[in-house]
Amino acid sequence: MPTLETLHQRIEIQEGNIVRQKVDAIVNAANERLLGGGGVDGAIHQAAGPELLEECRKLNGCPTGQAKITAGYNLPAKWVIHAVGPIWHGGRSNEDALLASCYRNSLVLAESRGIRSIAFPCISTGLYRFPIERAADIALNETLKFIEQHDLPERINFVCYGHDTYSIYLDAARRILPGFSG
Ligand code: AR6
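Cut-offs used in this document
Position numbers for residues count from 1 along each chain, tracking the sequence in the order it is written. Only residues with pLDDT of 70 or above have their local features reported here, since the model is predicted, and side-chain atom pairs are shown and tallied only from 80 upward, although totals for entire chains, interfaces and linings are computed over all residues. Note that the side-chain values use all heavy atoms of the structure and ignore hydrogens as well as water. Here a residue is considered near a molecule or strand provided that any single heavy atom belonging to it is located within 4 Å of it. A 3.5 Å cut-off defines polar contacts: any pair of N or O atoms within that distance qualifies, except that in protein one atom must be a possible hydrogen donor and the other a possible acceptor, and neighbouring residues in sequence count only when both atoms are side-chain atoms. Where accessible areas are quoted, they stem from the Shrake-Rupley method and a 1.4 Å probe; at the residue level, only the protein chains shown are allowed to cover. Labels follow the DSSP assignment, with helices taken as runs of H or I lasting at least four residues and strands as runs of E lasting at least two, numbered in each case from the N terminus. Charged residues are taken to be Asp, Glu, Lys and Arg, nonpolar residues to be Ala, Val, Leu, Ile, Met, Phe, Trp, Tyr, Cys and Pro, and polar residues to be all remaining types, Gly included. Residue burial is assigned from relative accessible area. The probe radius is 1.4 Å, only protein chains are included, and a residue is buried under 20% of its type maximum, exposed over 50%, and partly exposed in between. Here a residue-residue contact requires only that any non-hydrogen atoms of the pair lie within 4.5 Å. Angles shown run from 0 to 180 degrees and are taken between the N-to-C directions of axes, each axis being a line fitted to C-alpha atoms and, for helices, limited to the stretch in contact. Just so you know how the angles are binned, under 35 degrees is roughly parallel, over 145 roughly antiparallel, 65 to 115 roughly perpendicular, and the rest oblique.

S.K.: Even after reading the chapter, I still don't get the site of the ligand, so can you show me in this structure?
M.R.: Taken together, 20 residues form the shell around the ligand, and within it Asn 17, Gly 38, Val 40, Asp 41 and Ser 124 come nearest. In the environment of the ligand, a nitrogen atom lies 3.0 Å from a nitrogen or oxygen atom belonging to the backbone of Ile 18. Here the ligand loses 90% of its free accessible area of 700 Å² to cover by the protein chains. The element that contributes the greatest number of residues to the shell around the ligand is helix H2 (residues 39-48), accounting for 4 residues. Classifying every residue of the shell around the ligand by side-chain character gives 9 nonpolar, 10 polar and 1 charged.

S.K.: Sorry if this is basic, but what is going on with the environment of Leu 75 here?
M.R.: Tracing the sequence through the fold places Leu 75 in the loop between strand E3 (67-71) and strand E4 (79-84). Residue classification places Leu 75 among the buried residues on the basis of a relative accessible area of 8%. Distance in space between the C-alpha atoms of Leu 75 and Leu 98 is 28 Å, their sequence separation being 23 residues. Apart from residues lying up to four places away in sequence, Leu 75 is in contact with Val 19, Ile 26, Ile 44, Ala 47, Ala 48 and Val 80.

S.K.: Sorry if this is basic, but what is going on with the packing of H2 against helix H3 (residues 50-57) here?
M.R.: What describes two packed helices is the angle between their axes and the distance between those same axes. Look at H2 against H3: their axes get within 5 Å of each other, and the N-to-C directions meet at 115°. Overall, the two elements H2 and H3 adopt an arrangement that is roughly perpendicular. Counted together, Ile 44, His 45 and Ala 48 of H2 and Leu 52, Leu 53 and Cys 56 of H3 form the full contact between these two elements. For the contact of H2 with H3, the residue count by class is 5 nonpolar, 1 polar and no charged.

Structure follows, in structure tokens:
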């Protein structure tokens with residue numbers, strides 16, 4: 001069983017732009033069509049270049065709560081894992097479980113490809129309006145559950161776009177991982 005300290009060392013919370021992350025895989029907060037969009041999805045497609053959309057067209061979409069993988073093309077990351085988060089409808093439409101399943105399925109996919117480092121955005125918390133505090137708890141709890149049982153990915157970065165989101169994630173991490181420092 002890994003110690004709490006080893007688990008802390010595998011998780012990092014950062015403020016920044018996910019497209020610049022030098023990791024093996026970045027996760028995209030996509031929609032079911034997987035054909036691009038606004039927010040982080042738009043930024044990733046713009047930075048990766050048109051070949052990403054070409055590959056995405058061949059995937060035939062992706063159901064909410066699941067994830068599919070493509071190459072990263074012009075991104076520093078070798079892979080993009082496209083996860084489809086739930087649209088927030090007030091919390092009684094299975095949103096929590098669907099968001100948890102996005103994180104779990106992205107990590108399962110990463111592990112199956114031997115991916116050692118992965119960066120997540122705050123899936124569903126923009127256009128899809130999922131409350132950020134609640135989403136941060138789900139992201140961290142689900143990731144912790146996974147890395148307790150699996151050696152890969154070795155490093156998981158949560159990339160927060162803006163200082164408010166960063167503070168919320170840091171508070172959540174200190175609550176969920178006692179002694180977490182950053
Ligand atoms: N790097 C990191 N985080 C970012 C970046 C970036 N470059 N840009 C935005 N964020 P959103 P959703 C944050 O709306 O809520 C798209 O149109 C943003 O501040 O990108 O899952 C898709 O095609 C927020 O915290 O994704 C779907 O249709 C988080 O990323 C829909 O939006 C997620 O915001 C998905 O909505």
